[in-house]
Amino acid sequence: MLELLFLLLPIAMGYGWFMGRNSIKQKDQSAKQDLSIKYSTGLNYLLSNQQDKAIDYLLEALRVEDDTVEAHFAMANLFRRRGELDRALKVHEYLVRQPHLPSRDKQQAVFELGKDFLSAGLYDRAEKMFTKVLKSKTYGLKALTYLMQIYQSTKDWQQGIALKKVIVKTKDKRLLHTLANFYCELATLALEKDEFIDVLELLENALSYDPNSCRANWLMAQVYENHEQYREASQCYRDIYQQDKDFFPEVIEPMHACYCHQDIEEDFFTFIRKVYEETGSSSALLKYLTHLESRYGVNKAKEFLLSALKRRPTIRGFKHFVKMQMTDSEDNHKSEGLDVIKELISAYLNMRPRYTCHTCGFNSSTHYWSCPSCHGWEQLKPVRGLEGE
């Protein structure tokens, strides 16, 4: 009997293993059938335009595993591109809630959720999501960029400045440039209250983070002018020329006034002649012509202008030439004709934009430190070419 028991034991074990294996297969098959039904149902809802129900079934069908998480992200991004933010939010929130999601995928889910909130205009929620991934090697820099965009939109300059240590560590030039402009925004507010010391301190901070911020020097020049420190203001304008030659035409007039206050106008025109020779700026040319005309007469100025127009023709230069011809003309009938031409040129120039964004091409008749289109800082510059500088 005992020997029979030992003989039957291996058979019993084998039978148990065989039955268990079949049971597991049946469970797997049942689970697959269940997922297949949910997946088919989800697709049917999607085709019948019942997308909310479709998402619920598809999320259940696509169980979050290493090989399906990309499908979730792809589905959510598709919804976001189509402007269906509520559905994109639903998918990303579902991913964030998964307890066993790998760290890399969890960070991506949080980052994408932040982008959803940002697109929906929910800045406070977007801020929380981006803050969570600030230390991420993959998403930290992108999250920081979005956070600065949020603070720029909400004009929360202090919040952006609070991130200065993180920004400095990135060594990202765009973020440092943005940080400098946040300081400039605070300096502008302080300037309105005539808080001289605070303004200078804020602007020095701005230049420490971005030495090429012409806006900081432009504001600093205003402060010095307000306190009749014209030598310091003149130096700020010279620095602007070194920082941003495209923007420099905007400061030619106030710079001239500063040199006049110091009784060194001759030095100013020497500098402006150099500016014209290096950049071909119409504003620099016209300013230098006033000096030539007052010092050497109309004919000398006209000769210089004709030579300049042959080398680099501009409508503004031609308008000034017509004006000089009117002054020089003794024929009233001819003068009237020239006056009509000058007025037509003026009307045309008034219709054309004065500034263009060097990043997105946005055109404007008004200068903005932050482009209304792409929100880039210090990107609107005077138009160059035939119709501009």
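Reading the values: rules and limits
Residues numbered from 1 in each chain as written. Predicted model: local features only at pLDDT ≥ 70, side-chain atom pairs only at ≥ 80, totals over all residues. Heavy atoms only, no water. Helix = DSSP H or I, 4+ residues; strand = E, 2+ residues; numbered from the N terminus. Buried < 20%, exposed > 50% of the residue type's maximum accessible area, 1.4 Å probe, protein only. Contact = heavy atoms within 4.5 Å. Core = buried A, V, L, I, M, F, W, Y, C linked by side-chain atoms within 4.5 Å. Arc of directions from axis to C-beta. Salt bridge = Lys/Arg side-chain N within 4 Å of Asp/Glu carboxyl O. Pairing = 2+ DSSP bridges. 1 Å grid on protein atoms, 1.4 Å probe; cavity = no way out; pocket = protein on both sides within 12 Å on 5 of 7 lines; lining within 4 Å. Points joined across faces, edges and corners; volume = space filled by probe spheres on them. Nonpolar A, V, L, I, M, F, W, Y, C, P; charged D, E, K, R; others polar.

Participant: Teacher, can you tell me more about the overall build of the chain here?
Facilitator: When helices and strands are tallied, the chain shows 19 helices and three strands. Burial analysis of the chain (389 residues in total) assigns 42% to the buried set. For the chain, contacts bridging at least 24 residues in sequence account for 48% of all contacts bridging at least 6.

Participant: When you look at the nonpolar core in this model, what are you seeing that I'm missing?
Facilitator: Burial of nonpolar side chains together is a common tendency in soluble globular proteins. Ranked by size, the top nonpolar core spans 79 residues in total, and within it F130, L163, I167, L203, F248 and L289 carry the most contacts. Residue contributions to this core peak at 11 residues, all from helix α10 (residues 173-192). Setting aside residues no more than four positions away along its own chain, L163 makes contact with L134, L144, L147, M148 and Y151.

Participant: Quick question: what am I supposed to make of helix α6 (residues 123-132) here?
Facilitator: Because each turn of an α-helix spans 3.6 residues, side chains separated by three or four positions end up pointing in the same direction. Those residues of α6 lying buried are A126, M129 and F130. Seen from one end, α6 has its buried residues packed into an arc of 95°, which puts them on one side. Projecting away from the buried face of α6 at angles above 90 degrees are the exposed residues K128 and K132.

Participant: Is there a simple way to explain the pattern of salt bridges in this structure?
Facilitator: Here the idea is simple: oppositely charged side chains can pair when their charged atoms come close. What the rule picks out here adds up to 14 salt bridges. A salt bridge links K115 to E112, with the nearest nitrogen and oxygen atoms 3.9 Å apart. Here the residue K115 and the residue E112 both occupy positions in helix α5 (residues 103-119), the gap between them amounting to three residues, near one helical turn. Looking at K115, the relative accessible area reads 22%, which means it is partly exposed. Classification of E112 by relative accessible area gives buried; the value is 8%. A salt bridge links R354 to E250; the shortest N-O distance between them is 3.5 Å. One end of the pair, R354, is in the loop between α19 (332-351) and β1 (355-357); the other, E250, is in the loop between α13 (230-243) and α14 (252-261), with 104 residues separating them in the sequence.

Participant: Mind showing me how you'd approach the sheet that holds strand β3 (residues 380-382) here?
Facilitator: Paired through their backbone hydrogen bonds, the strands of a sheet run either parallel or antiparallel. Ordered in space as β2-β1-β3, the three strands form an open sheet in which the pairing is antiparallel. Edge positions in the open sheet fall to β2 (363-364) and β3, since each of these has one partner strand only. Relative to β2, β1 runs antiparallel, the two sharing two bridges. Bridging across to β2, Y355 finds its partner in S364.

Participant: So what exactly am I meant to see when it comes to empty space enclosed by the protein here?
Facilitator: It is a probe the size of a water molecule, rolled over the atoms, that shows where empty space is left. By the definition in use, this model includes two cavities of 30 Å³ or more. In this structure, the largest cavity spans a volume of roughly 50 Å³. Taken together, Y241, K245, F248, P249, I252, V275, T279, S281 and R384 make up the full set of residues lining the largest cavity. By residue class, the composition of the lining of the largest cavity is five nonpolar, two polar and two charged. Computed from the structure, the second largest cavity encloses a volume of approximately 40 Å³. What lines the second largest cavity is simply Y276, G280, S282, L285, A308, R312 and T314. Of the residues contributing to the lining of the second largest cavity, the split by class is three nonpolar, three polar and one charged.

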